[in-house]
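If you want the building blocks of each chain, they are given just below.
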Amino acid sequence: AAPAPAMSGLTDAIAGRLALADAVAASKWASGAAIDDPAREQVVLDTVSQLALDRDLDPGYVRGVFRDQIEASKTVQRRLFAQWRLPGQTAPPATPDLGPVRAAINELNVAIVDELAASRDIVTTLRCPPELTVSTAQTAADAGFDPLHVAALVQAGASVCTVSTGSS
Ligand SMILES: C=C(O[C@@H]1C=C(C(=O)O)C=C[C@H]1O)C(=O)O
């Protein structure tokens with residue numbers, strides 16, 4: 001097999017978290033809960049800030065990456081809700097208890113911060129944007145993501161590289 005792209009550990013962990021948005025949405029649909037949960041978002045952001053400090057990463061950088069994880073998850077959840085509201089459509093049956101899927105998300109949060117630490121030297125360089133693009137494409141293909149999840153995966157990676165490639 002071809003070698004894995006340099007940042008595929010990171011993009012695989014990000015995709016794993018994003019894939020759980022479907023189960024989150026189904027659970028919220030079953031319970032009638034809102035997609036947005038600002039209190040839970042604060043817990044996630046505060047937790048990953050501490051994980052960043054433990055690994056000598058900039059907590060502001062890691063929080064920024066996780067704001068994108070949260071927004072990407074909500075992109076998927078909102079689109080699924082919109083589909084399930086269409087005539088003749090139904091949500092998959094799910095338990096209204098978000099606890100188990102949030103426990104899985106918590107584990108992936110740690111995995112993502114670990115992968116950010118493993119990629120700390122590349123994220124500040126001009127190699128980051130192309131490596132992230134290649135890894136994202138490989139991860140999306142491996143995961144069998146549909147266009148909605150591919151778009152959300154790209155959204156989730158938007159703050160990973162800290163080098164600007166735009167002209168100024
Ligand atoms: C994934 C969830 O939905 C939203 C996204 C969150 C996240 O990605 O961590 C947290 C809270 C919600 O605003 C959830 O409620 O757990």
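Structural data are supplied above this passage.
All of the points below concern the structure found in this document. Because the structure is predicted, anything quoted here is derived from the model rather than measured. (Residues numbered from 1 in each chain as written. Predicted model: local features only at pLDDT ≥ 70, side-chain atom pairs only at ≥ 80, totals over all residues. Heavy atoms only, no water.)

**Considerations on the pattern of salt bridges**
- Here the structure, examined in full by the defined rule, presents seven salt bridges.
- Arg78 serves as the salt-bridge partner of Asp36, at 3.9 Å between the closest nitrogen and oxygen. Linking Asp36 in the loop between helix H2 (21-31) and helix H3 (38-54) with Arg78 in helix H4 (residues 59-84), this pair joins segments that are 42 residues apart in sequence.
- Given the relative accessible area of 37%, Asp36 is considered partly exposed.
- With a closest N to O distance of 2.7 Å, Lys74 and Glu41 form a salt bridge. In this pair, Lys74 sits in helix H4 while Glu41 sits in helix H3, placing the two residues 33 residues apart along the sequence.
- Overall, Lys74 belongs to the buried group, its relative accessible area being 5%. (Salt bridge = Lys/Arg side-chain N within 4 Å of Asp/Glu carboxyl O. Helix = DSSP H or I, 4+ residues; strand = E, 2+ residues; numbered from the N terminus. Buried < 20%, exposed > 50% of the residue type's maximum accessible area, 1.4 Å probe, protein only.)

**Structural notes on the site of the ligand**
- What surrounds the ligand is a group of 14 residues, the closest being Arg17, Lys28, Asp37, Glu41 and Arg102.
- Within the side chain of Gln77, one N or O atom sits 3.0 Å away from an oxygen atom of the ligand.
- In this structure, an oxygen atom belonging to the ligand sits 2.7 Å away from a side-chain N or O atom of Arg102.
- Surface burial for the ligand is 100%, taken as the share of its 350 Å² of free accessible area covered by protein chains.
- Here the ligand is seated within the largest cavity.
- When residues of the shell around the ligand are traced back to their parent elements, those giving at least two are H2, H3 and H4.
- Its residues assigned to classes, the shell around the ligand shows four nonpolar, two polar and eight charged. (Near = heavy atom within 4 Å. Polar contact = N/O pair within 3.5 Å; in protein donor to acceptor, adjacent residues only side chain to side chain. Areas by Shrake-Rupley, 256 points an atom, 1.4 Å probe, with all protein chains shown as cover. 1 Å grid on protein atoms, 1.4 Å probe; cavity = no way out; pocket = protein on both sides within 12 Å on 5 of 7 lines; lining within 4 Å. Sits in = over half its atoms within 2 Å of the grid points. Nonpolar A, V, L, I, M, F, W, Y, C, P; charged D, E, K, R; others polar.)

**Concerning unusual backbone geometry**
- For Asp56, which is not glycine, the phi torsion reads 60° and is therefore positive.
- Within the secondary structure, Asp56 sits in the loop between H3 and H4.

**So, the packing of helix H1 (residues 8-19) against H4**
- Close contact between H1 and H4 brings their axes to 9 Å; oriented N to C, the two are set at 40°. By the angle between their axes, H1 is oblique relative to H4. For the element pair H1 and H4, the recorded crossing hand is right-handed. Contacts between H1 and H4 involve Ile14, Arg17 and Leu18 from the first element and Phe66, Gln69, Ile70, Ala72, Ser73 and Val76 from the second.
- Each residue belonging to the contact of H1 with H4 can be placed in one class, and the counts come to six nonpolar, two polar and one charged. (Axes fitted to C-alpha atoms, helices over the stretch in contact; angles between N-to-C directions. Parallel < 35°, antiparallel > 145°, perpendicular 65-115°, else oblique. Left-handed = near helix turned anticlockwise from the far one by under 90°. Contact = heavy atoms within 4.5 Å.)

**A few points about the state of the cysteines**
- Enumeration according to the criterion identifies one disulfide in this entry.
- Between the sulfur atoms of Cys128 and its disulfide partner Cys161 the distance amounts to 2.0 Å. The sign of the S-S torsion, about -80°, decides the handedness of the disulfide formed by Cys128 and Cys161: left-handed. Taken together, the positions of Cys128 in helix H6 (residues 128-143) and Cys161 in the segment after helix H7 (147-156) put the pair 33 residues apart, joining distant regions of the chain.
- The exposure class assigned to Cys161 is buried, which follows from its relative accessible area of 14%. (Disulfide = S-S within 2.5 Å.)

In short, shape yes, function no, at least from these values alone.
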